[in-house]
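So you can see what is in the structure, the chains are spelled out below.
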Amino acid sequence: ARPTVFANVTNDMTIAREEIFGPVLVMIPYEDVDDAVEMANDTVYGLAGYVQGAEDEARKVANRIRAGQIQVNGARPDFTAPFGGYGQSGNGREWGE
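Residues numbered from 1 in each chain as written. Predicted model: local features only at pLDDT ≥ 70, side-chain atom pairs only at ≥ 80, totals over all residues. Heavy atoms only, no water.

This paragraph deals with the pattern of salt bridges. Throughout the structure, instances matching the rule amount to three salt bridges. Linking Asp42 and Arg17 is a salt bridge whose minimum nitrogen-to-oxygen distance equals 3.3 Å. Pair noted here: Asp42 is in the loop between helix H2 (33-41) and strand E3 (48-51) and Arg17 is in helix H1 (residues 14-17), with a separation of 25 residues, a long-range link. A salt bridge links Arg59 to Glu55, with the shortest nitrogen-to-oxygen separation between them at 2.8 Å. Taken together, the positions of Arg59 and Glu55, both in helix H3 (residues 55-64) and four residues apart, correspond to about one turn of that helix. Using a relative accessible area of 36% as the deciding quantity, one classes Glu55 as partly exposed. (Salt bridge = Lys/Arg side-chain N within 4 Å of Asp/Glu carboxyl O. Helix = DSSP H or I, 4+ residues; strand = E, 2+ residues; numbered from the N terminus. Buried < 20%, exposed > 50% of the residue type's maximum accessible area, 1.4 Å probe, protein only.)

Ranked by size, the top nonpolar core spans eight residues in total: Val37, Val51, Ala58, Val61, Ala62, Ile65, Ala67 and Val72. The element contributing the most residues to this core is H3, with three residues. Val72 has contacts with Val51, Glu55, Ala58, Arg59 and Ala62, leaving out every residue within four places of it along the chain. (Core = buried A, V, L, I, M, F, W, Y, C linked by side-chain atoms within 4.5 Å. Contact = heavy atoms within 4.5 Å.)

This part takes up the layout of surface pockets. When its volume is computed, the largest pocket comes out at roughly 1,400 Å³. Taken together, 39 residues make up the lining of the largest pocket; nearest its centre are Val26, Ala40, Ala48, Gly49 and Tyr50. Put simply, the parts of the chain that give the lining of the largest pocket at least two residues each are H1, strand E2 (24-26), H2, E3 and H3. With five residues, the single largest contributor to the lining of the largest pocket is H2. (1 Å grid on protein atoms, 1.4 Å probe; cavity = no way out; pocket = protein on both sides within 12 Å on 5 of 7 lines; lining within 4 Å. Points joined across faces, edges and corners; volume = space filled by probe spheres on them.)

A positive phi angle, near 55°, is found at Asn8, a position not held by glycine. Structurally, the position occupied by Asn8 is in the loop between strand E1 (4-6) and H1.

In terms of strand pairing, E3 meets strand E4 (residues 69-72) through four bridges, oriented parallel. When the bridges of E4 are listed, Tyr50 appears paired with Gln71. Handedness of the crossover joining E3 and E4 through H3 is recorded here as right-handed. (Pairing = 2+ DSSP bridges. Right-handed = clockwise from strand over helix to strand, strands pointing away.)

Okay, the side chain of Asn11 next. By the secondary structure assignment, Asn11 is in the loop between E1 and H1. At a separation of 3.4 Å, a polar atom in the side chain of Asn11 contacts the side chain of Asp42. Not counting residues within four places of it along the chain, the set of residues in contact with Asn11 comprises Ala16, Arg17, Ile28, Met39 and Asp42. (Polar contact = N/O pair within 3.5 Å; in protein donor to acceptor, adjacent residues only side chain to side chain.)

This part takes up H3. Buried within H3 are the following residues: Ala58, Val61 and Ala62. The buried residues of H3 occupy an angular sector of 100° when the element is viewed end-on, so they sit on one face. Of the residues in H3, the exposed ones pointing more than 90 degrees away from the buried face are Asp56, Lys60 and Asn63. Tucked inside the fold, the buried residues of H3 contact H2, E3 and E4. (Arc of directions from axis to C-beta.)

These figures come from the coordinates and say nothing about function on their own.
Written out as structure tokens, the structure is:
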């Protein structure tokens, strides 16, 4: 499959609301970090996410997002950590509770 980028998306659009498996990138503009975190958590899903930025600030933002795993600045996933999501993305966790 070829990568697809959707730009100028709003958080109420289907492409932003549904759990899409890609390669797909959805770009949603935001006002500030609080707005971005609010949008990230405004979903019935929460399998994984990604935060890019200055290391200390990116970690603070990552800690505020409700998702099973958050990668920060290209860090590799920890395959020994419990795996699972939030909401409709997680019906339990591997190797954890």
